Amino acid sequence: MRAQQLMAVAVAAALAFTTAACADDSGTGSSDATAGGGGNGTIKSGLKVAFLPKQVNNPYFDTSDNKGGKVAVGEFKGTYSETGPSEASPSAQVSYINTLSQQGANVIAVSANDKDAICGALKEARQAGAKVVTYDSDTKPECRDLFINQASTEGIAKIQIKLISDAIGPDGGEIAILSATANATNQNAWIDAMKTELAKPDYSKLKLVDTVYGDDDDQKSFQEAQGLLAKHPNLKGIISPTTVGVAAAARYLSGSTYKGKVQLTGLGTPNQMKAYVKDGTVKAFALWNPADLGYLAAYAGAALASGLITGKEGDKFTAGKLGEFTVGKDGTVLLGDPYTFKADNIDQFNF
């Protein structure tokens, strides 16, 4: 999603969240959704599209999968499903991939807990005929057909560092990162890029003193945020580039003596963070629309499974209401730039 379009589409997407996806189990016919670049034609109806998030019952993936992917699958008359582990761990997704492959899934859309641990299972699934699309967090490129990247690594790093710098002010100070799992591909890439950003002269007064991991678990993330303040009494800011972590950290800060003194930013959803923005715990945070991410992943997988694209660089396809996308280097499709949510715009969003 292009940055200038995000606000309008997010509002529209929010209205679509209540729409149930219609499945066509007949396996015949085709939808009106089209893709181009790798071939001309329509997406096959009856495709079995399965979403495998890092963990189920996670608000972020509830939105991306059930309110994005499911809507898209309904549009091109496929059969949607979501399955996955209750805890995010490197190898927890392997058995689910094997089961989906055995069940004959045409498309497996997976947010990888580890770039290496699930590669063997994904390769076997591809050999069995499934098209594999990673979204949110990637594997090694050779393990999948496409990666749907929510925003560029550099773009996420830049906005996170800018937001914490703006919140703390010109005097700077010590900051820390509260991440998800230690093996999450996207988290580690963002952290590395944030370190690169911090090395720039503009941020010379910011000092990264610690990185901790909440494992995308609410209670552990809450405790890790609490621990950061106990360990670093001079801490001025926390960056949490994970929806679970940033909400947990905000909950801790909002009820502590650190509220307003220790700044927080990260990647969160408006519904999670609205109260903390309004009570002054958080000045601003960023995210893409996760529903759009799941929606795009579903259309990309369907275009692959329909033979309309192969996943090579330069392939073009249309993803419903989001418009046309082009496959980039290493089979990557970019959703768009992250968007900044703050007090003067957060009421316009509902996801």
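Thresholds applied
- Residues numbered from 1 in each chain as written.
- Predicted model: local features only at pLDDT ≥ 70, side-chain atom pairs only at ≥ 80, totals over all residues.
- Heavy atoms only, no water.
- Core = buried A, V, L, I, M, F, W, Y, C linked by side-chain atoms within 4.5 Å.
- Buried < 20%, exposed > 50% of the residue type's maximum accessible area, 1.4 Å probe, protein only.
- Helix = DSSP H or I, 4+ residues; strand = E, 2+ residues; numbered from the N terminus.
- Axes fitted to C-alpha atoms, helices over the stretch in contact; angles between N-to-C directions.
- Parallel < 35°, antiparallel > 145°, perpendicular 65-115°, else oblique.
- Left-handed = near helix turned anticlockwise from the far one by under 90°.
- Contact = heavy atoms within 4.5 Å.
- Nonpolar A, V, L, I, M, F, W, Y, C, P; charged D, E, K, R; others polar.
- Phe/Tyr/Trp six-rings, centres within 6.5 Å; stacked < 30°, edge-to-face > 60°.
- Expected span 1.5 Å × (residues − 1).
- Polar contact = N/O pair within 3.5 Å; in protein donor to acceptor, adjacent residues only side chain to side chain.
- Pairing = 2+ DSSP bridges.

One finds F76, I148, W288, L296 and F317 to be the most contacted residues of the largest nonpolar core, which totals 87 residues. Looking at this core, the element that brings in the most residues is helix α10 (residues 290-305), giving eleven residues. Membership of the second largest hydrophobic core comes to 14 residues, among which are L52, I108, A121 and V132.

With that out of the way, let us pick up the packing of helix α7 (residues 218-231) against helix α8 (residues 243-254). Packing of α7 against α8 leaves a shortest axis separation of 8 Å and a crossing angle of 55°. In terms of their interaxial angle, α7 and α8 are classed as oblique. Between α7 and α8 lies a crossing whose hand is right-handed. On α8, the residues touching D218, Q219, S221, F222, A225, Q226 and L229 of α7 are V244, G245, A248, A249, R251, Y252 and L253. Looking at side-chain class alone, the contact of α7 with α8 contains eight nonpolar, four polar and two charged residues.

As enumerated under the stated definition, the model contains 16 aromatic pairs in all. With centroids separated by 6.3 Å and ring planes inclined at 75°, the aromatic side chains of F341 and F351 adopt a geometry described as edge-to-face. Of this pair, F341 sits in strand β16 (residues 339-342) while F351 sits in the segment after β16, and the two are ten residues apart along the sequence. Judged by its relative accessible area of 0%, F341 falls in the buried class. Residue F351 is classed as buried on the basis of its relative accessible area of 5%. These aromatic residues form a ring-pair network of at least three members: F51, Y60, F61, Y80, Y135, W190 and W288.

Another point: α10. One turn of the α-helix equals 3.6 residues, which is why residues spaced by three or four share an orientation. For α10, which comprises 16 residues, the first-to-last C-alpha distance of 23 Å matches the rise-based estimate of 22 Å (1.5 Å per residue) to within 8%. Of the residues that open α10, the one with a side-chain oxygen 3.0 Å from the backbone nitrogen of A291 is N289. Positive backbone phi, at 75°, marks G307, one or two positions downstream of α10.

On to the sheet that holds strand β4 (residues 79-82), then. What the six strands build is an open sheet, ordered β4-β3-β5-β6-β7-β15; its pairing is parallel. Both outer strands of the open sheet, β4 and β15 (332-334), are each paired with one neighbouring strand and no more. Sheet twist, expressed as the average angle between the axes of neighbouring strands with direction ignored, equals 20°. Here strand β7 (residues 146-149) pairs with β15 via three bridges, running parallel. Its bridge partner being in β15, N149 is matched across the sheet by L334. Packing of helix α2 (residues 59-75) onto the sheet brings it into contact with β3 (48-52), β4 and β6 (131-135), and relative to β4 it is tilted by some 170°. Running over the sheet, α10 touches β3, β5 (107-110), β6, β7 and β15 and is turned about 160° from β6.

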